[in-house]
Amino acid sequence: MDIKEIQNLIKFVAKSGASEVKLEMDDIKITIKTGSDSETTAVHYAPVAAQMPQMAVPVAEAKPTAEPSASVAPAAEDSKYITIKSPIIGTFYRKPSPDKPLFVEVGQTIAEGDVLCIIEAMKLFNEIESEVSGKIVKILVDDSSPVEFDQPLFLVDPS
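Bear in mind the structure is a predicted one, so any value in this text is a computation, not a measurement.

Bringing the overall build of the protein chain into the picture now. In terms of helices and strands, the protein chain carries three helices and eleven strands. Moving toward the C terminus, one meets the helices and strands of the protein chain in the order α-β-β-β-α-α-β-β-β-β-β-β-β-β. Residues counted as buried form 23% of the 159 residues belonging to the protein chain. The long-range fraction of contacts in the protein chain, counting pairs at least 24 apart against all pairs at least 6 apart in sequence, stands at 49%.

Turning our attention to the packing of aromatic side chains. All chains considered together, the criterion is met by two aromatic pairs. A centroid spacing of 5.9 Å and a plane angle of 55° characterise the contact between F92 and F154, whose relative ring orientation is tilted. Residue F92 is located in strand 5 (residues 90-93), and its partner F154 is located in strand 11 (residues 152-157); the two are separated by 62 residues in the primary sequence. Like F154, F92 is buried. Centre to centre, the rings of Y93 and F125 are 6.4 Å apart; their planes meet at 40°, and the pair counts as tilted. Here F125 lies in strand 8 (residues 124-129) and Y93 lies in strand 5, a separation of 32 residues in the sequence.

Let us look at the sheet that holds strand 9 (residues 134-139). The sheet built from four strands is open, its strands ordered 4-11-9-6 with antiparallel pairing. Of all the strands in the sheet, just strand 4 (82-85) and strand 6 (109-110) have a single pairing partner and so form its edges. In the sheet, strand 6 pairs with strand 9 via two bridges, with the strands oriented antiparallel. Its bridge partner lying in strand 9, T109 is registered against K135.

So, on to the sheet that holds strand 7 (residues 115-121). Read across the open sheet, the four strands follow the order 8-7-5-10; overall the sheet is antiparallel. With one partner strand each, in any of the chains shown, strand 8 and strand 10 (145-147) form the two edges of the open sheet. Taking the axes of each pair of neighbouring strands and ignoring which way they run, one obtains an average angle of 40° across the sheet. Of the pairings in the sheet, the one linking strand 7 to strand 8 comprises six bridges and is antiparallel in character. In the sheet register, V115 faces strand 8, and the bridge partner there is E129.

A word on unusual backbone geometry. If a residue is not glycine, its phi is most likely negative; likewise, a peptide bond is most likely trans. Look at M122: it is not a glycine, yet its phi comes out positive at around 55°. Within the secondary structure, M122 is located in the loop between strand 7 and strand 8. You can call M122 exposed: its relative accessible area is 63%.

Once that is clear, we can look at the nonpolar core. Core analysis: the biggest nonpolar cluster contains 16 residues, and F92, L116, C117, I136, L153 and F154 have the highest contact counts within it. For this core, the elements supplying multiple residues, two or more each, are strand 7, strand 9 and strand 11. Residues in contact with I136, not counting those within four places in the same chain, are V104, E105, V106, G107, Q108, I110, L116, F154, L155 and V156. In terms of nonpolar packing, the next biggest core, distinct from the first, is built from five residues, I6, L9, V13 and I32 among them.

What counts as what
Chains are numbered independently. Their residues run from 1 in the order of the written sequence. Thresholds applied to this predicted model are a pLDDT of at least 70 for local features of residues and 80 or more for the giving and counting of side-chain atom pairs; totals over whole chains, interfaces and linings are not thresholded and use all residues. With hydrogens and water stripped out, all remaining heavy atoms of the structure feed into the side-chain values. Secondary structure is summarised from DSSP: a helix means a run of H or I of at least four residues, a strand means a run of E of at least two, and numbering begins at the N terminus for each. Three labels apply to residues, based on accessible area from a 1.4 Å probe with only protein chains included: buried if under 20% of the type maximum, exposed if over 50%, partly exposed otherwise in between. The criterion used for residue contact is that any of the two residues' heavy atoms lie within 4.5 Å. Aromatic pairing here means that ring centres of Phe, Tyr or Trp (its six-membered ring) are within 6.5 Å. Orientation follows from the plane angle: under 30 degrees is stacked, over 60 is edge-to-face, and everything else is tilted. By definition, two strands form a pair when at least two bridges between them are found by DSSP. Comment: axis = line fitted to C-alpha atoms, over the contacting stretch for helices; angle = value between 0 and 180 degrees taken between N-to-C directions. By nonpolar core is meant a set of buried Ala, Val, Leu, Ile, Met, Phe, Trp, Tyr and Cys residues that side-chain atoms within 4.5 Å join together.

Following this line, the structure appears as C-alpha coordinates:
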(Lines give C-alpha, C1' and ligand atoms only; values in the text may rest on other atoms or scores of the structure.)
Protein backbone atom coordinates (compact mmCIF):
# COMPACT_ATOMS: atom_id res chain seq x y z
CA MET A 1 0.00 0.00 0.00
CA ASP A 2 1.57 3.30 -1.04
CA ILE A 3 1.24 6.74 0.56
CA LYS A 4 -1.32 7.92 -2.01
CA GLU A 5 -3.66 5.05 -1.14
CA ILE A 6 -3.26 5.78 2.57
CA GLN A 7 -4.05 9.47 2.02
CA ASN A 8 -7.18 8.55 0.04
CA LEU A 9 -8.21 6.17 2.84
CA ILE A 10 -7.77 8.94 5.43
CA LYS A 11 -9.88 11.34 3.35
CA PHE A 12 -12.59 8.67 2.94
CA VAL A 13 -12.67 7.94 6.69
CA ALA A 14 -12.87 11.66 7.52
CA LYS A 15 -15.81 12.14 5.14
CA SER A 16 -17.63 9.05 6.44
CA GLY A 17 -17.79 10.36 9.99
CA ALA A 18 -16.30 7.20 11.50
CA SER A 19 -14.23 7.75 14.62
CA GLU A 20 -11.91 4.78 14.13
CA VAL A 21 -11.05 2.40 11.29
CA LYS A 22 -8.70 -0.58 11.46
CA LEU A 23 -7.30 -2.18 8.31
CA GLU A 24 -5.17 -5.32 8.39
CA MET A 25 -3.39 -6.64 5.34
CA ASP A 26 -0.68 -9.25 4.81
CA ASP A 27 2.17 -7.46 6.59
CA ILE A 28 0.69 -4.08 7.61
CA LYS A 29 -1.86 -3.02 10.17
CA ILE A 30 -3.26 0.52 9.86
CA THR A 31 -5.43 2.22 12.47
CA ILE A 32 -6.99 5.57 11.60
CA LYS A 33 -8.53 7.52 14.46
CA THR A 34 -10.34 10.81 13.94
CA GLY A 35 -11.21 13.02 16.87
CA SER A 36 -14.55 14.81 16.51
CA ASP A 37 -13.31 17.70 18.67
CA SER A 38 -10.04 18.58 16.98
CA GLU A 39 -10.50 16.80 13.62
CA THR A 40 -7.03 15.27 13.91
CA THR A 41 -6.13 12.03 12.23
CA ALA A 42 -3.56 9.60 13.54
CA VAL A 43 -2.21 6.71 11.49
CA HIS A 44 -0.37 3.91 13.30
CA TYR A 45 1.59 1.19 11.54
CA ALA A 46 2.28 -2.10 13.25
CA PRO A 47 3.52 -5.36 11.78
CA VAL A 48 0.79 -7.97 11.88
CA ALA A 49 3.26 -10.82 12.46
CA ALA A 50 3.91 -9.61 16.01
CA GLN A 51 0.22 -9.84 16.83
CA MET A 52 -0.52 -13.20 15.21
CA PRO A 53 0.11 -15.32 18.35
CA GLN A 54 -2.47 -13.28 20.26
CA MET A 55 -5.11 -13.83 17.58
CA ALA A 56 -4.39 -17.58 17.43
CA VAL A 57 -5.27 -18.18 21.09
CA PRO A 58 -8.52 -20.21 21.22
CA VAL A 59 -11.34 -19.05 23.44
CA ALA A 60 -12.34 -21.70 25.95
CA GLU A 61 -16.05 -22.25 26.45
CA ALA A 62 -17.16 -23.63 29.79
CA LYS A 63 -20.50 -25.42 29.66
CA PRO A 64 -22.07 -27.65 32.27
CA THR A 65 -22.58 -31.25 31.16
CA ALA A 66 -26.33 -31.15 31.84
CA GLU A 67 -26.96 -28.12 29.60
CA PRO A 68 -26.33 -29.71 26.15
CA SER A 69 -28.94 -32.41 26.71
CA ALA A 70 -31.43 -29.79 27.88
CA SER A 71 -30.77 -27.56 24.87
CA VAL A 72 -31.27 -30.34 22.29
CA ALA A 73 -35.06 -30.35 22.67
CA PRO A 74 -35.56 -26.58 22.11
CA ALA A 75 -33.21 -26.68 19.11
CA ALA A 76 -35.31 -29.41 17.49
CA GLU A 77 -38.47 -27.50 18.37
CA ASP A 78 -37.10 -24.26 16.83
CA SER A 79 -36.24 -26.00 13.55
CA LYS A 80 -39.80 -25.60 12.26
CA TYR A 81 -39.53 -21.82 12.61
CA ILE A 82 -38.00 -19.36 10.16
CA THR A 83 -35.23 -17.19 11.58
CA ILE A 84 -35.14 -13.56 10.48
CA LYS A 85 -31.55 -12.33 10.66
CA SER A 86 -29.96 -8.90 10.72
CA PRO A 87 -28.84 -7.75 7.27
CA ILE A 88 -26.44 -5.15 8.75
CA ILE A 89 -24.40 -4.25 11.82
CA GLY A 90 -25.94 -1.60 14.07
CA THR A 91 -28.26 -0.91 17.00
CA PHE A 92 -31.58 -2.77 17.13
CA TYR A 93 -34.75 -0.82 17.98
CA ARG A 94 -38.22 -2.33 18.38
CA LYS A 95 -40.10 0.96 17.86
CA PRO A 96 -39.70 3.98 15.56
CA SER A 97 -39.29 6.43 18.47
CA PRO A 98 -39.56 6.29 22.26
CA ASP A 99 -43.16 7.56 22.29
CA LYS A 100 -44.43 5.25 19.52
CA PRO A 101 -45.76 1.67 19.87
CA LEU A 102 -43.65 -1.42 19.11
CA PHE A 103 -43.46 -2.59 15.49
CA VAL A 104 -44.25 -6.22 16.41
CA GLU A 105 -44.86 -8.30 19.51
CA VAL A 106 -44.71 -12.04 20.27
CA GLY A 107 -47.86 -13.74 18.97
CA GLN A 108 -48.57 -11.08 16.35
CA THR A 109 -49.28 -12.18 12.79
CA ILE A 110 -47.08 -10.51 10.18
CA ALA A 111 -47.21 -10.33 6.40
CA GLU A 112 -44.40 -10.14 3.87
CA GLY A 113 -43.15 -6.53 3.73
CA ASP A 114 -44.24 -5.56 7.27
CA VAL A 115 -41.65 -3.52 9.19
CA LEU A 116 -40.33 -5.60 12.09
CA CYS A 117 -37.72 -3.28 13.60
CA ILE A 118 -35.19 -0.55 12.88
CA ILE A 119 -31.43 -0.99 12.86
CA GLU A 120 -29.40 2.18 13.23
CA ALA A 121 -26.07 2.14 11.42
CA MET A 122 -23.89 5.26 11.15
CA LYS A 123 -26.80 7.54 12.15
CA LEU A 124 -29.04 6.07 9.44
CA PHE A 125 -32.22 4.30 10.55
CA ASN A 126 -32.90 1.26 8.37
CA GLU A 127 -36.35 -0.33 8.50
CA ILE A 128 -36.08 -4.13 8.47
CA GLU A 129 -39.02 -5.66 6.62
CA SER A 130 -40.26 -9.23 6.86
CA GLU A 131 -39.48 -11.50 3.93
CA VAL A 132 -42.02 -14.08 5.14
CA SER A 133 -45.58 -14.22 6.43
CA GLY A 134 -46.42 -15.90 9.71
CA LYS A 135 -46.62 -15.40 13.45
CA ILE A 136 -43.85 -13.97 15.66
CA VAL A 137 -42.84 -16.75 18.05
CA LYS A 138 -39.84 -15.16 19.74
CA ILE A 139 -37.88 -11.89 19.70
CA LEU A 140 -34.23 -12.81 20.19
CA VAL A 141 -32.72 -9.34 20.76
CA ASP A 142 -33.38 -6.73 23.44
CA ASP A 143 -34.38 -3.21 22.46
CA SER A 144 -31.45 -0.78 21.97
CA SER A 145 -28.93 -3.64 21.75
CA PRO A 146 -26.05 -3.82 19.27
CA VAL A 147 -26.49 -6.49 16.59
CA GLU A 148 -24.04 -8.11 14.19
CA PHE A 149 -24.47 -9.02 10.54
CA ASP A 150 -26.49 -12.26 10.17
CA GLN A 151 -27.44 -12.32 13.88
CA PRO A 152 -30.87 -13.93 14.48
CA LEU A 153 -33.48 -11.32 15.43
CA PHE A 154 -36.88 -13.05 15.27
CA LEU A 155 -38.34 -16.56 15.07
CA VAL A 156 -41.43 -16.77 12.84
CA ASP A 157 -43.89 -19.64 12.56
CA PRO A 158 -44.79 -19.71 8.83
CA SER A 159 -47.88 -21.97 9.27
